[in-house]
Amino acid sequence: MAANSSNGDHQTPTKSPPLPSPLRFSKFFQSNMRILVTGGAGFIGSHLVDRLMENEKNEVIVVDNYFTGSKDNLKKWIGHPRFELKRHDVTEPLLVEVDQIYHLACPASPIFYKYNPVKTIKTNVIGTLNMLGLAKRLGARILLTSTSEVYGDPLVHPQPETYWGNVNPIGVRSCYDEGKRVAETLMFDYHRQHGIEIRVARIFNTYGPRMNIDDGRVVSNFIAQALRGEPLTVQSPGTQTRSFCYVSDLVDGLIRLMEGEHTGPINLGNPGEFTMTELAETVKELINPKVEVKMVENTPDDPRQRKPDITKAKELLGWEPKVKLRDGLPLMEEDFRLRLGVDKN
Ligand SMILES: NC(=O)c1ccc[n+]([C@@H]2O[C@H](COP(=O)([O-])OP(=O)(O)OC[C@H]3O[C@@H](n4cnc5c(N)ncnc54)[C@H](O)[C@@H]3O)[C@@H](O)[C@H]2O)c1
Ligand SMILES: O=c1ccn([C@@H]2O[C@H](COP(=O)(O)OP(=O)(O)O[C@H]3OC[C@@H](O)[C@H](O)[C@H]3O)[C@@H](O)[C@H]2O)c(=O)[nH]1
């Protein structure tokens, strides 16, 4: 009996299989990395997308619910064959096929994360669970953008990753800082229990073009106020400190972390430390020497000092920030002038 009659395996095909579409061989179909960016329509996310899209081997999918982000931030990529944008809330399950997940979705400015604290904590907990579930199903590597806020009002200065923090669990900032702490816990539990490849970045205050004009964070507030000729509102006492990282440096650190071999957590931030009064004076000097600096009331639980210890990022990722505050502020000023319609005279 002829071997090919026993089962279908060896039958001589009567018709040759269809040729693949000619598009299969166009450069846009040769991507070897499909990357999901949650929160990609936001400030950091959209800069990350710009960098990922520069590599022709990447295909990028963004999901965002547009709470604080905007399609405008991604307008140069809309319609690009290697780019896809979906309105989606990460508190709902997501089905896509990807190799890497950058999980950024979460409001980051205190006025926005406090606006609906229950939603903020759901985004951090349920949103991160959903993304970890997706990573588990696909065997994808996932990076979480955690925050320096996990150190709370730190009693150790500067903050190394080994510091466990000093966080109020029931305060008005807890939806965000405790939310991110739970998100970190989930990342490490999925790593230990299910072998998921995880990366955790602890990002310190980051600034740059495309921040929302009325975002409420200090750098965007001061620049917008200086350009509008309004007083710069320093929240009392003004001696509290922050360390500000320019967004291009931060994005470089995120990509190095994702591509490297270390889970983290790893601090990503610029160790240059400034009081809020110093920041106001610098913005005044660089942008509008005529504006006044006004002391206003602060909000509860505002951390009194913050500065990253970036030894680990230097050693493990070969990363350190390059852009100094005095060089980064004018780049942001340019973008704010365009959007506010204020010319340089
Ligand atoms: N910018 C900083 O200084 C800083 C510092 C530490 C950590 N981070 C983290 O980096 C990430 C990005 O921050 P950012 O400064 O770009 O803020 P952003 O507010 O500009 O971006 C957040 C994005 O997430 C989207 N989003 C919010 N909730 C969502 C949800 N439930 N589903 C889908 N999308 C949702 C928003 O619409 C927005 O586009 C956040 O996770 C934030 O916690 C930022
Ligand atoms: O107009 C303002 C706004 C803020 N501030 C002060 O500036 C400091 C920084 O405040 P921001 O609102 O910019 O940011 P915070 O450092 O409080 O939180 C940020 O931390 C890291 C990220 O996770 C988030 O982007 C955000 O939560 C605070 O001390 C605040 O009191 C002012 O003095 N004037």
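Residue numbers run consecutively from 1 along every chain, following the written order of its sequence. Chain letters start at A and ligand numbers start at 1, both assigned in the order the entries are written. Confidence filtering applies because this is a predicted model: local features only for residues at pLDDT of at least 70, side-chain atom pairs given and counted only at 80 or more, and all residues used for totals across whole chains, interfaces and linings. Neither water nor hydrogens contribute to the side-chain values; these are computed over all heavy atoms in the structure.

- Per an unreviewed UniProt entry, the protein goes by the name UDP-glucuronate decarboxylase and belongs to Acacia crassicarpa.
- UniProt positions are given in the numbering used here, feature names are shortened, and annotations may be inferred rather than shown by experiment. Looking at the Function (unreviewed entry) heading of the UniProt record, one finds this comment for the protein: "Catalyzes the NAD-dependent decarboxylation of UDP-glucuronic acid to UDP-xylose. Necessary for the biosynthesis of the core tetrasaccharide in glycosaminoglycan biosynthesis."

### Overview of the overall build of the protein
(1) Moving on: Check the secondary structure of the protein and you find 9 helices and 13 strands.
(2) Moving on: For the protein, the spread of C-alpha atoms along the three principal axes comes to 95 × 50 × 40 Å.
(3) Moving on: Across the 345 residues in the protein, those meeting the buried criterion constitute 50%.
(4) Moving on: Throughout, the Shrake-Rupley method with a 1.4 Å probe supplies accessible areas, and for residues the shown protein chains are the sole cover considered. A total of about 16,800 Å² of accessible surface is found on the protein, and carbon and sulfur atoms cover 52% of it. The way it works is that DSSP assigns letters per residue, a run of H or I at least four long becomes a helix, a run of E at least two long becomes a strand, and they are numbered from the N terminus. Throughout, exposure labels follow a simple rule: accessible area from a 1.4 Å probe, protein chains only, divided by the maximum for the residue type, with under 20% read as buried, over 50% as exposed, and the rest as partly exposed.

### Brief notes about the pattern of salt bridges
Oppositely charged side chains can form a pair if their charged atoms are brought close together.
(1) Moving on: The rule for a salt bridge is simple: a side-chain nitrogen of Lys or Arg has to be within 4 Å of a carboxyl oxygen of Asp or Glu. This model, assessed by the stated rule, comprises 24 salt bridges.
(2) Moving on: Note that R51 and D252 form a salt bridge whose closest N and O atoms lie 3.9 Å from each other. Of the two residues, R51 is situated in helix α1 (residues 43-53) and D252 in helix α6 (residues 247-259); the sequence distance between them amounts to 201 residues.
(3) Moving on: On the basis of relative accessible area, R51 is assigned to the partly exposed category, the value being 29%.
(4) Moving on: Taking the shortest distance from any N to any O, the salt bridge between D214 and R228 comes out at 3.4 Å. A residue pair is termed long-range when its members are at least 10 positions apart, and D214 in the loop between β7 (206-207) and α5 (218-228) and R228 in helix α5 qualify at 14 residues.
(5) Moving on: Taking relative accessible area as the criterion, R228 reaches 37% and is therefore assigned partly exposed.
(6) Moving on: The network of salt bridges with shared partners includes E149, R173, R242, D302 and R306.

### A look at the state of the cysteines
(1) Moving on: Pairs of cysteine sulfur atoms within 2.5 Å are what we label disulfides. By the definition in use, this model includes 0 disulfides.
(2) Moving on: Cysteine C245 remains unbridged, with the sulfur of C106 as its closest cysteine sulfur at 19 Å.
(3) Moving on: C245 gets classed as buried once you look at its relative accessible area, which sits at 0%.

### Some details on the site of ligand 2
(1) Moving on: Any residue with a non-hydrogen atom lying within 4 Å of a molecule or strand is treated as near it. Lining the immediate surroundings of ligand 2 are 22 residues, of which Y176, T233, Q235, R242 and D302 lie closest.
(2) Moving on: Polar contact is the term for a pair of N or O atoms within 3.5 Å; when the atoms are in protein, one must be able to donate a hydrogen and the other to accept it, and sequence-neighboring residues count only if both atoms are side-chain atoms. At 3.0 Å from an oxygen atom of ligand 2 is found a side-chain nitrogen or oxygen belonging to R217.
(3) Moving on: Here an oxygen atom of ligand 2 sits 2.8 Å away from a polar atom, N or O, in the side chain of N221.
(4) Moving on: Of all the secondary structure elements, the ones that give two or more residues to the shell around ligand 2 are α2 (110-113), α5 and β8 (232-235).
(5) Moving on: Three categories are distinguished: nonpolar for Ala, Val, Leu, Ile, Met, Phe, Trp, Tyr, Cys and Pro, charged for Asp, Glu, Lys and Arg, and polar for the others, with Gly belonging to the last. In terms of residue class, the shell around ligand 2 is built from 8 nonpolar, 8 polar and 6 charged.

### Topic: unusual backbone geometry
(1) Moving on: The linkage connecting S236 with the following residue, P237, adopts the cis geometry, with an omega of 5°.
(2) Moving on: Secondary-structure assignment places P237 in the loop between β8 and β9 (241-243).
(3) Moving on: A cis amide bond, omega 5°, links G264 with the succeeding residue P265.
(4) Moving on: Relative to the assigned elements, P265 resides in the loop between α6 and β11 (266-268).
(5) Moving on: Of note, the phi angle at R210 is positive, near 80°, even though the residue is not glycine.

### Side note on the site of ligand 1
(1) Moving on: Close to ligand 1 lie 29 residues, the nearest being D64, T68, L104, Y176 and K180.
(2) Moving on: In this structure, a nitrogen atom belonging to ligand 1 sits 3.0 Å away from a main-chain N or O atom of V90.
(3) Moving on: Within the backbone of L104, a nitrogen or oxygen atom sits 2.7 Å from an oxygen atom of ligand 1.
(4) Moving on: For the shell around ligand 1, the secondary-structure elements that each account for two or more residues are α1, β5 (141-147) and α4 (174-194).
(5) Moving on: If you tally residues by element for the shell around ligand 1, the top one is β5, at 3 residues.

### Things to note about the layout of surface pockets
(1) Moving on: Counted as a void, the second largest pocket has a volume near 270 Å³.
(2) Moving on: The method works on a 1 Å grid over the protein atoms by themselves. A cavity is a set of points holding a 1.4 Å probe that cannot get out, a pocket is an open set with protein on both sides within 12 Å along at least five of seven lines, and residues with an atom within 4 Å of a point line them. Lining the second largest pocket are S70, D72, N73, L74, K75, K76, R210, N212, I213, D335 and R339.
(3) Moving on: Residue composition of the lining of the second largest pocket, by class: 2 nonpolar, 3 polar and 6 charged. Grid points are joined across faces, edges and corners, and a volume is the space filled by probe spheres set on the points.

### As for the UniProt feature "domain: NAD(P)-binding" (unreviewed entry) in the protein
(1) Moving on: When the UniProt feature table is mapped to this numbering, "domain: NAD(P)-binding" (unreviewed entry) covers residues 36-330.
(2) Moving on: A helix fraction of 36% and a strand fraction of 18% characterise residues 36-330, whose end C-alpha atoms lie 31 Å from each other.

### Topic: the packing of aromatic side chains
(1) Moving on: Two rings belonging to Phe, Tyr or Trp (six-membered ring only in the last case) form a pair when the distance between their centres is within 6.5 Å. Interplanar angles under 30 degrees mark stacking, angles over 60 mark edge-to-face geometry, and anything in between is tilted. Considering all chains together, one arrives at 6 aromatic pairs under this definition.
(2) Moving on: Residues Y207 and Y246 carry aromatic rings whose centres are separated by 5.5 Å and whose planes lie at 70° to one another, so their mutual orientation is edge-to-face. Placement of Y207 in strand β7 and of Y246 in strand β10 (residues 245-246) is noted, with a sequence separation of 39 residues between them.
(3) Moving on: By relative accessible area, Y207 is classed as buried at 0%.
(4) Moving on: Here a set of aromatic residues connected by ring pairs shows up, and it is made of F67, F112 and Y115.

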